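# Results of the structural survey
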Amino acid sequence: MSTQEFAFTPYPDLPKSHYLNVAYGLKSWLFTTDHKRIGILYLLSITFFFALGGLYATAIRLELLTPAGDMVQPDTYNRLFTMHGILMVFFFLVPSIPAVLGNFLLPLMIGAKDVAFPRLNLASWYMYMFGAGFTMYALFMGGVDTGWTFYTPFSSTYSNSYVAAVAVGIFINGFSSIFTGINFMVTIHRMRAPGMTWSRLPLFVWSHYATSLIMVLGTPVLAITIVLLAMERVFKLGFFDPALGGDPVLFQHLFWFYSHPAVYIMILPSMGVISEIIAAFSRKPIFGYKFVAFASMGIAILGFLVWGHHLFVSSQSLYAGLIFSILSMLVAVPSAVKVFNWTATLYKGSIEYSTPMFYALGFIGLFTIGGLTGLMLATIGIDVHVHDTYFVVAHFHYIMVGGALMGYLGGLHYWWPKITGRMYPGFWSHLSALIIFLGFNLTFFPQFVLGYLGMPRRYHSYPEEFQILHILSTAGASILAVGYIIPLVYFIWSLKYGEVAGDNPWDAVGLEWQTTSPPSLHNFDEIPVVDFEPYDYVEHEPVERPYRYSRSEA
Amino acid sequence: MSEQHASEHEHGLKFYWLVLFALLILTWVTYGAALIDFGHPWSDLVALAIAVTKATLVVSFFMHVKGATSMIKMSAVGGFFWLLIFFAFVLADVLTRPGMRDFF
Amino acid sequence: MRPEFSLFPEQASTIASKVDALYFFALGISAFFSLLIALVIFAFFIKFRRRRAGEVGAKTHESMALEIVWSVIPLIICMVLFVWGAIVFIDMRTMPDDATEYYATAKQWMWKFQHPEGQREINSLHIPVGEPIMLTMTSEDVIHSFFVPAFRVKQDVVPGRYTTVWFEADKVGTYHLFCTEYCGSHHAQMRGSVTVMEPDDYQAWLAGGGPVAAPQELGEALFTQHICNTCHFEDGTGRGPSLVGIFGSEVRGTDGSVRVVDDNYLRESILRPSAHVNEGYSQIMPTYQGQLSEVSLLQLIAYIKSISDSPSEESPAPAAVAANGE
Amino acid sequence: MSNTSPWNDLIGTPDQKHEEGIVVSDSHAEATHQPGLAHHFESYEQQKESSFLGMWLFLVQEVMFFGGIFCCYVIYRSLYGEAFAAASRELNVFIGALNTTVLLFSSFTMVVAVNAAKQGNRKWIVYGLLLTILFGGIFLGVKYFEYSAKWEHNLVPGPNFEWHGDDVGRPVEIFYCLYFGMTGMHALHMVVGIGIMLWMLRPAWRGKWTPENHNFVEGFGLYWHFVDIVWIFLFPFLYLIGLAT
Ligand code: HEA
Ligand code: HEA
Ligand code: CUA
Ligand SMILES: [Cu+2]
C-alpha cells in the first residue's frame, strides 16, 4: 500500500523558495549549516581535487609512453604518483559520495530537517579544506615522494620531501571523515521521520551507515599512525626504526588497518547509489533488500579483518598470511550477494534506458572484474607473483575508477535534477558514459597483462618489451579524459540552460523525491510520515514527462 | 522514556565518593601487586585485570553507562572490543614469526 | 632477457608452472563470472526494457533459496582458491633441505649478492640450473623487494632482519630481476638480472673470477678480528656459550622463553645480545650494533652456521622451516 | 514527550516506536520556541540522545586513536619484555601513583559538576569545574617535572639518548619513545580538556545550563572520564611492569 502521489506538472517552474535562493553571497555559503549547501561545497572542492589528481594521472601516463624515463626526472615521477594517489584517495574518493551525495541526501531520504550536528558538518568541511591546504602547501613546496602508503623507514628517515606537511594534511582530513561518520550515524539513529523503520531505510542510507561505521572505527588508527610517523620524522622518536629494534612491518599493519577498510569507505556508498538507481529505473523493489542491506554491514565488519593481504610478501608470518587470505575470501561473499541481487532486480523490471542506469550497469560489470581480480590477489599463491605490479594497479583502478567513480557519476546524474532543479542533455550524457566506459577499459585492461608479465608499479622507466601495453593504456587514458570533461561541461551548462526538471523527474519513490527540486531550506514543509515500504512502485497512469530527456520521449 | 531512565539511575554524591574510594584502593592494590612477581604472563594479567576493573567502574558509574540506552552500551563495549580484534590480528603476525616458539 | 613483446611471462622455475596453473584456474573463474553477469545483465536489459510510460516492474521481493545458492557457491569457490593458493604458498615458503644458501644485501639502489663460494656480484646473480637456491637477504636502508617474474617469486627485503626466498631455476637464460618495493628516487633503476647457467658453465663462471674467500672464511676472520673468540670457545669453557652446533637448536633464555636459533636469532644475539640472555650466562657480551656492516654480519653468521653443520660430509643443511623467511 | 503528539495516532503505541528507534516528538512549530533547542530537532529528548550518542561515538574513535599507539606498545612489549622492564624501572612509581590519584580525584570532581548541572546548581557546576581544572593542572605540573627529569637524565629519545641502566640493548629507547608518545598524547588531551573547562566557566556561572539542557556539561564529563581511563591503563603499562623483577 502506498500513499505516495505522483503528480506532475508538465514544464514546471522552479519552486519559489529553495535552499539555493534563500540567501546569496559568499558568506551565506561559507557560514551555512544547511547540509545541502555543505554538500555543494564538497562537490566543488572534490571536483577540483579530482581534476588535479587527473592531471597527475595524465602526467604519469605520458611519462610511461616510452620505456626510458625521459619526460620527467625520477624524483618528479615519484612525486607524481604519490600526489595522484593521495589526492585521489584522501581528497577525492573517500569524501566523494558520502560528503557530497550523502550530505545532500541522507536527511532528505530519512525525512529529517538536517543532519544531527549541522555545525559539526560545516566544521568537517573546513577540516577537509584545511587538510587539503596543508597538502597543497606541500605540493607547491615540491611534493611528497613516498607513495600514498608512506612505508617506513623510507618515509620516516630517507625521503627528502614534505612528508610531515602532508601527514598533517591527512591527519586533519581524517578528522573531517571521522566527524562526518559520527554525524551520519547519529542522524540515522536519531533523526528518522516517524514510520521510517530500519527495514524501510533506503539502501543508500544503509550503505552510508556501514561506511560511517568504518570511518569511526578505522580512521582514528590512520590518524595516530600518521602522527607517529610525523613524530618519528620530526623528533626522531623511533617507533618503527629498525636501528632501535623497531619493526617497519608494524607500520604497515597500522596503515592497512585503516586503509583496507577505507577501500570499503570508497565502494560501499557507491553500492548504495547503485541500489537506488537500479530500483528506480527498473521500477521495482531491490531484490533481496534485507540481504543487500546486511551485506553492507557484513562487508564493513569483515572488511576490518583482512588488511594483512597487503603484507603477504612483506615478511609477515606464514600463519598470519593464511589467516588474512581466507578472511579476504570471505568478504567476497557479501559482495557477490550484492551483485547477484542487483542482477536479479533487473529480472522482470521495467528498465528505462537512462544515463544513471548506464553508469549503474557499467558499475556492476567493472566492479565484478575488479572484485574478482581482488580475489585473485587474495589467493596467496598468486599474490606473491603479482604483488606490487600493474596487476594490482589494474585491480584497484577497476574497483575505484570503474566501480566507485562510476557509482559517483551515476549518482550525480541521478540526483542532479534534485540538487539543481535542472536537467542535463540526454544525448551528451549518454555519449560521455559510453566514452568513459570504453576509455576506461582500454586504459586499465592492458595493465592486468602488464602486471602478470611482471611490470612493477611505481616504475618510471621500464624494460622495452612492456611498451606496447603501456601505449594502449595511455591511449585509453586520453579517451577517458575526454569522457570526464564532457560531463563537467554539460553539468555547468545545465545550471543555466538545462530544462527545469520538476520535483520527481524520474518518477521514482523515496522521500527525497517528495519534496521540491531543489528542496526548500528545511527540506520538507512538514515532516513526512512514512507508511510505505522502500521502492514501492505502483502501476499508475502514464504521466507526461516534465522535460525532454531522451529521444523516445521527444 | 528517558526521564524515567535518568531518575532510576540518579546517584547521590555519596555513591560517587564510594566509587572514587574503590578506584583509589585499586590503584594502590595494583601498585602492591606489581611488587610481587607472579611469573611471566601472570604479573601482566593481574595488572591488566585491575586496570580493566577500574575502567569498568569509571565507565559504568562516572560515565553512567549503567542505565544508558543499549545503543550507548554497545558503543562503549564495541570500541574496546574492536581494539582487541586489532591487537589480536597484529599479534597473530608478530607472535607466529619463526623463532617465536615460546608462545606456543 | 627477451626484449620482444609477449602476453605471458616465461616460466623458468619449478614453482612457475604451479603458480600459473592456479592463476589460470582463478582467471577462468573470474572470466566465467564476469561474462555470466555481463550477459545476464545485457539480456535483461534488452528483454525487460520499458515498453510504455507508467509501467512498473514485477514485485519480486526475495528468495531465500536463491540467496543461499549465490552465497554458498562463491563461498565454495573461494575456499577452493584459498586452499590451492595456500598449498602453493607453503611450497614457496618451505625451504628444501638441500638448498644452497646465497646472500643478498639490498641498498638504495643496488643489489649485492654473495655466492657460497665467495664470489660477489652487483645487480646480477648467476646460478646453476636445476639446483634449489636459497637467498638470505637484508637491507642496509629501506625496504626493497626481490622479484624475478620468470621464477614467480617475490620477497620483501627488510632492514633489521633477514628474509629468505628460494627457487629452483629449470631453464637456462637471463631473466629480469626487479626491486618491487618502492624505495626512493631510483627504485625503477634498481633492476638487475638473474642468469641461469648449466652447472658446468656455472663452475667455469665461478672459476673465471679468480680465487676468492667463501663467506664463512671471511666470517672466521671477522670472528677473531672482533674478539668473539675470546669468549666463545669451541668447548664451551669460555665466558660465553660455545657456538658450535647452535644453529637450528633451541635455546632457553634467562626469562624462560625458548627461541629457535635461526638467522634472525643470531643477528639479534650479535647486535643486541641482551635481548635474549642465555640460561646459565650473564649479560656481558657487548653490543655490536653499529660496528658491523650488513655484509660482515652475514659473513659472521655464515661462519657460525658453518660450524653448526654436522661434521659428517653432508651438504649444508640450514634448518628448513626455522629459516623460512621471517 | 507528550502523548498528544500528532504522530502517535499514525504509528502505533509509544513502546513500539521506541523499539523501532523512531523519535516521536512535538510538532515543529512548538519546538522552535524552546530555548536551547536547535531548529532541526523536534524535542529536547531527541537533542539529548543525539548529543550523547555523538559523544560516545567520538569516544569510540578516541579509543581507536589511542589504540594505534597502544598496539605498538603491545607488540614491542611482547618482543622486548626485559628491555621494557628495565626501562620502566627508571620511572618514578610513586609519582605515577600520585598522579593517578590526582586524576581520579579530578574525575570525581567532574562528576560533581555534572551532577550539579543536572540539578541546575549553578554554584556547584562552577566549583566542580574549578576543582577539576585544579587537579588537572596539578597532574600536568607533575608531568612537567617528570619530563624535565627525563631530559636531564638524557632519557629523551634522539641523538642525546643515553642509557645507564642494565645493558638491555636499544629497545629501551623504543620504550621511551612510547612513553613520551603515550603520555604526551594523553597530556595533550588534558590540555584541551582544561582549555574547554576554562571556557565553560563563564556560561556555567551565567546559568546557561539548566536541568533540561546541560548536554554540553555531561558530554564534556564523558570526555574527561575517558582521558582518566587512558591513564588508568598507562599507569601499570608504563610504570609498574619492571617492579617485581
Ligand atoms: C574501492 C576500493 C577497493 C575495493 C572495494 C577492493 C576490494 C577487494 N580487494 Fe583490493 N585493493 C584496493 C582497492 C580496493 N579493493 C587498492 C587501492 C589496493 C592497492 C593498495 C596499494 O598497495 O596501493 C588493493 C589491493 C588489494 C590486495 C593486495 C594486492 C597486493 O598489493 O599484493 C588484495 C589482496 O588480497 C586485494 C583484495 C581485494 C578483495 C578480495 C576485495 C573484495 O572486497 C572484492 C569482492 C568482490 C567480488 C568478489 C566481486 C563480486 C562477486 C561476484 C560477481 C560473484 C562471483 C564471486 C565469486 C565466485 C567469489 N586488494
Ligand atoms: C580514486 C582513485 C583513483 C582514480 C580516480 C585514479 C585515476 C587514474 N589513475 Fe590512478 N592511482 C590511484 C588511485 C586513482 N587513480 C592510486 C591510489 C594509485 C597508487 C599510488 C601509489 O602508488 O602510491 C594510483 C596509481 C596510478 C598509476 C600507477 C603509477 C605507478 O605505479 O607508477 C597509474 C598508471 O597508469 C594511474 C593511472 C590513472 C589514470 C589514467 C586515471 C584516470 O582514470 C584519470 C582520468 C582523469 C583525468 C584524465 C582528468 C580529467 C580532467 C578533468 C576532469 C578536468 C580537466 C582539468 C582542468 C580543466 C584543470 N594511477
Ligand atoms: Cu629497491 Cu625499490
Ligand atoms: Cu585491501
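It should be emphasised that the depicted structure is a prediction, and the values quoted were computed from it without experimental measurement.

Let's shift gears to the overall build of chain D. Counting its regular elements, chain D contains nine helices and zero strands. Seen in sequence order, chain D has helices and strands lined up from the N terminus as α-α-α-α-α-α-α-α-α. Partitioning the intrachain contacts of chain D with sequence separation of at least 6 by distance along the chain shows that 73% fall at a separation of at least 24.

Secondary structure assignment for chain B yields four helices and zero strands. Secondary structure of chain B in N-to-C order comes out as α-α-α-α. A total of 104 residues make up chain B; the buried ones form 45% of that total. For chain B, the share of sequence-separated contacts (at least 6 apart) that also reach a separation of at least 24 residues comes to 55%. A total accessible area of about 5,500 Å² is found for chain B, and carbon and sulfur atoms account for 75% of it.

Looking now at the coordination of the iron atom of ligand 2. Each pair of donors in an ideal four-coordinate tetrahedral metal site encloses 109.5 degrees, whereas pairs in an ideal six-coordinate octahedral site enclose 90 or 180 degrees. Residues and elements named next belong to chain A. Within the protein, the iron atom of ligand 2 binds to His84 (NE2) and His397 (NE2); these donor distances fall in the range 2.0 Å. For the iron atom of ligand 2, the six donor atoms in the first shell make angles of 87 to 179 degrees at the metal, so the coordination geometry reads as octahedral. In this pair, His84 is assigned in helix H3 (residues 74-110) and His397 in helix H13 (residues 390-420), connecting sequence segments 313 residues apart. Look at His84 and you get buried, because its relative accessible area is 14%.

Residue and element names in this part refer to chain C. On the basis of which strands lie adjacent, the open sheet formed by five strands has the order S4-S10-S9-S6-S7 and mixed pairing. The open sheet terminates on both sides in strands that have one partner only, identified here as strand S4 (124-128) and strand S7 (153-157). Pairs of neighbouring strands in the sheet enclose a mean axial angle of 20 degrees, with direction left out of account. In the sheet, strand S6 (residues 144-148) pairs with S7 via five bridges, with the strands oriented antiparallel. In the sheet register, His144 faces S7, and the bridge partner there is Val157. Relative to the sheet, helix H3 (residues 199-208) contacts S4 and strand S10 (192-197), its axis offset from that of S4 by approximately 130 degrees.

Before going further, it helps to spend a moment on the coordination of the iron atom of ligand 1. Residue and element names in this part refer to chain A. Coordination of the iron atom of ligand 1 by the protein comes from a single atom, His395 (NE2), at 2.2 Å. The copper ion (ligand 4) is placed at 4.4 Å from the iron atom of ligand 1. For His395, the position within the fold is in helix H13.

Below, the discussion takes up the site of ligand 1. By nearness alone, 35 residues border ligand 1, and Tyr264, Asp383, His387, His395 and Arg457 of chain A come closest of all. Each of chains A and C places residues near ligand 1. Within the contact set of ligand 1, an oxygen atom lies 3.1 Å away from a backbone nitrogen or oxygen of Ala378 of chain A. If you list the elements that add at least two residues to the shell around ligand 1, you get helix H8 (248-282), helix H10 (318-346), helix H11 (355-378) and H13 of chain A together with helix H1 (16-47) and helix H2 (64-93) of chain C.

Contact residues are listed per partner, giving 106 residues for chain A and 91 residues for chain C. At the boundary of chain A with chain C, total buried surface from both sides reaches about 8,300 Å², with 66% on carbon and sulfur atoms. Scanning the region where chain A abuts chain C turns up three salt bridges. A salt bridge links Arg50 of chain C to Glu352 of chain A; the nearest nitrogen and oxygen atoms lie 2.8 Å apart.

A few words now on a positive patch on the surface. Taken together, Lys348 of chain A together with Lys47, Arg49 and Arg51 of chain C make up a surface patch of like positive charges. Assignment of secondary structure puts Arg51 of chain C in the loop between H1 and H2.

So, on to the domain arrangement of chain B. All names here are of chain B. For chain B, the domain assignment lists domain 1 (1-68) and domain 2 (69-104). Of the residues lining the interface, four residues belong to domain 1; the matching set on domain 2 comes to five residues. Area buried by domain 1 at its contact with domain 2 is led by Val59, Val65 and Ala68, which between them contribute 78% of it. For the pair domain 1 and domain 2, the number of links is zero salt bridges. Counting across the domain 1 and domain 2 interface gives zero residue pairs in polar contact (both at pLDDT 80 or more). Split by residue class, the side of domain 1 that touches domain 2 holds three nonpolar, one polar and no charged.

Parameters and conventions
- Residues numbered from 1 in each chain as written.
- Chains lettered and ligands numbered in written order.
- Predicted model: local features only at pLDDT ≥ 70, side-chain atom pairs only at ≥ 80, totals over all residues.
- Heavy atoms only, no water.
- Helix = DSSP H or I, 4+ residues; strand = E, 2+ residues; numbered from the N terminus.
- Contact = heavy atoms within 4.5 Å.
- Buried < 20%, exposed > 50% of the residue type's maximum accessible area, 1.4 Å probe, protein only.
- Areas by Shrake-Rupley, 256 points an atom, 1.4 Å probe, with all protein chains shown as cover.
- Donors = N, O, S within 2.8 Å, 3.2 Å for Na, K, Ca; no water.
- Tetrahedral: all angles 85-135°; square planar, octahedral: opposite > 155°, others 65-115°.
- Pairing = 2+ DSSP bridges.
- Axes fitted to C-alpha atoms, helices over the stretch in contact; angles between N-to-C directions.
- Near = heavy atom within 4 Å.
- Polar contact = N/O pair within 3.5 Å; in protein donor to acceptor, adjacent residues only side chain to side chain.
- Buried area = accessible area lost by both parts, 1.4 Å probe.
- Salt bridge = Lys/Arg side-chain N within 4 Å of Asp/Glu carboxyl O.
- Patch = residues over 30% accessible without salt bridge, like charges linked within 9 Å, V, L, I, M, F, W, Y side chains within 5 Å.
- Lys, Arg positive; Asp, Glu negative; His and termini not counted.
- Charge placed at Lys NZ, Arg CZ, Asp CG, Glu CD.
- Domains from an automatic or database assignment.
- Nonpolar A, V, L, I, M, F, W, Y, C, P; charged D, E, K, R; others polar.

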